[in-house]
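One-letter residues, chain by chain:
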Amino acid sequence: MALTALLELEFKADSLDDAKKVMTRVLDETRQFDGCDGIEILVDQKNEARWVVVEKWRSAEHDAAYRKFRAGEGAITDLGPLLAGAPKLEHFTTL
């Protein structure tokens, strides 16, 4: 069953230029990951430092494999210092 993951990120206001560079690289890698059917980035109109990344996955197993990759060899070590708080990740399926 297909799965949509919503990843909410809030960056430090003074780190937006660096965040855009890091996220461009990260999302290019993610788009190439097996089972990724697409990614869209939503930027809050009232707060440009708040982003929601909409990830479409072919299945929960593909998403799980991606999360395992990011927790290990694919860890994004340069993202943490740019964030204003902890990321929030939620998963949804379509009715």
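Going by the structure above, here's the rest.
Just so it is clear, the model here is predicted, and its values are computed rather than measured.

Caption draft 1: Broad picture of the pairing of strand 2 (residues 36-43). For strand 2 and strand 3 (residues 50-57), the ladder comprises seven bridges, and the chain directions are antiparallel. Residue pairing in the sheet places Leu-42 in a bridge with Val-52 of strand 3. Connecting strand 2 to the next strand, strand 3, in antiparallel fashion are six residues.

Caption draft 2: Structural detail: the layout of surface pockets. Empty space within the largest pocket amounts to approximately 270 Å³. Lining of the largest pocket is provided by 16 residues; of these, Leu-7, Tyr-66, Arg-67, Arg-70 and Ile-76 occupy positions nearest its centre. Only strand 1 (3-10), helix 1 (16-32), helix 2 (60-71) and strand 4 (88-92) provide two or more residues apiece to the lining of the largest pocket. The element best represented in the lining of the largest pocket is helix 1, accounting for four residues. Its residues assigned to classes, the lining of the largest pocket shows eleven nonpolar, one polar and four charged.

Caption draft 3: How the structure looks around the environment of Glu-90. Note on placement: Glu-90 falls in strand 4. Here the alpha-carbon distance between Glu-90 and Thr-4, two residues 86 residues apart in the chain, equals 8.4 Å.

Caption draft 4: Geometry of helix 1. Here helix 1 spans 24 Å end to end across 17 residues, near enough to the 24 Å set by a 1.5 Å rise per residue. Looking at the buried positions of helix 1, the neighbouring elements they touch are strand 1, strand 2, strand 3 and helix 2.

Caption draft 5: Layout of the sheet that holds strand 1. Ordered by their spatial adjacency, four strands build an open sheet running 2-3-1-4, and the pairing between neighbours is antiparallel. Looking at which strands have only one partner, the edges of the open sheet turn out to be strand 2 and strand 4. Across this sheet, the average inter-strand angle for adjacent strands is 15°, counted without regard to direction. By the bridge criterion, five bridges tie strand 1 to strand 4 in an arrangement that is antiparallel. Each residue of the ladder has a partner; that of Leu-7, found in strand 4, is Leu-89. Along the sheet, helix 1 contacts strand 1, strand 2 and strand 3; its crossing angle with strand 3, the most-contacted strand, is approximately 5°. Where helix 2 meets the sheet, it contacts strand 1, strand 3 and strand 4, and its direction lies at approximately 125° from that of strand 3.

Cut-offs used in this document
- For every chain, the first residue of the written sequence is number 1, and numbering continues from 1 along that sequence.
- It should be noted that, the model being predicted, local features are given only for residues of pLDDT at least 70 and side-chain atom pairs only at 80 or more, the latter also being counted only at that level, while totals for whole chains, interfaces and linings use all residues.
- Hydrogens and water are ignored here; the side-chain numbers use all heavy atoms of the structure.
- Two strands are said to pair when DSSP picks up at least two bridges between them.
- Strands here mean DSSP runs of E at least two residues long; helices mean DSSP runs of H or I at least four residues long; both are numbered from the N terminus.
- Computed over the protein atoms alone on a 1 Å grid, cavities are sets of points where a 1.4 Å probe fits but cannot get out and pockets are open sets with protein on both sides within 12 Å along at least five of seven lines; a residue lines them when it has an atom within 4 Å of a point.
- Grid points are joined across faces, edges and corners, and a volume is the space filled by probe spheres set on the points.
- Gly is placed with the polar residues, together with every amino acid not listed as nonpolar (Ala, Val, Leu, Ile, Met, Phe, Trp, Tyr, Cys and Pro) or charged (Asp, Glu, Lys and Arg).
- Any helix carries an expected span of 1.5 Å times its number of residues minus one.
- In what follows, residue pairs with any heavy atoms lying within 4.5 Å of each other are defined as contacts.
- Structural elements are reduced to axes, namely lines fitted to C-alpha atoms, with helices fitted over the stretch in contact, and the angle between N-to-C directions of any two is expressed from 0 to 180 degrees.

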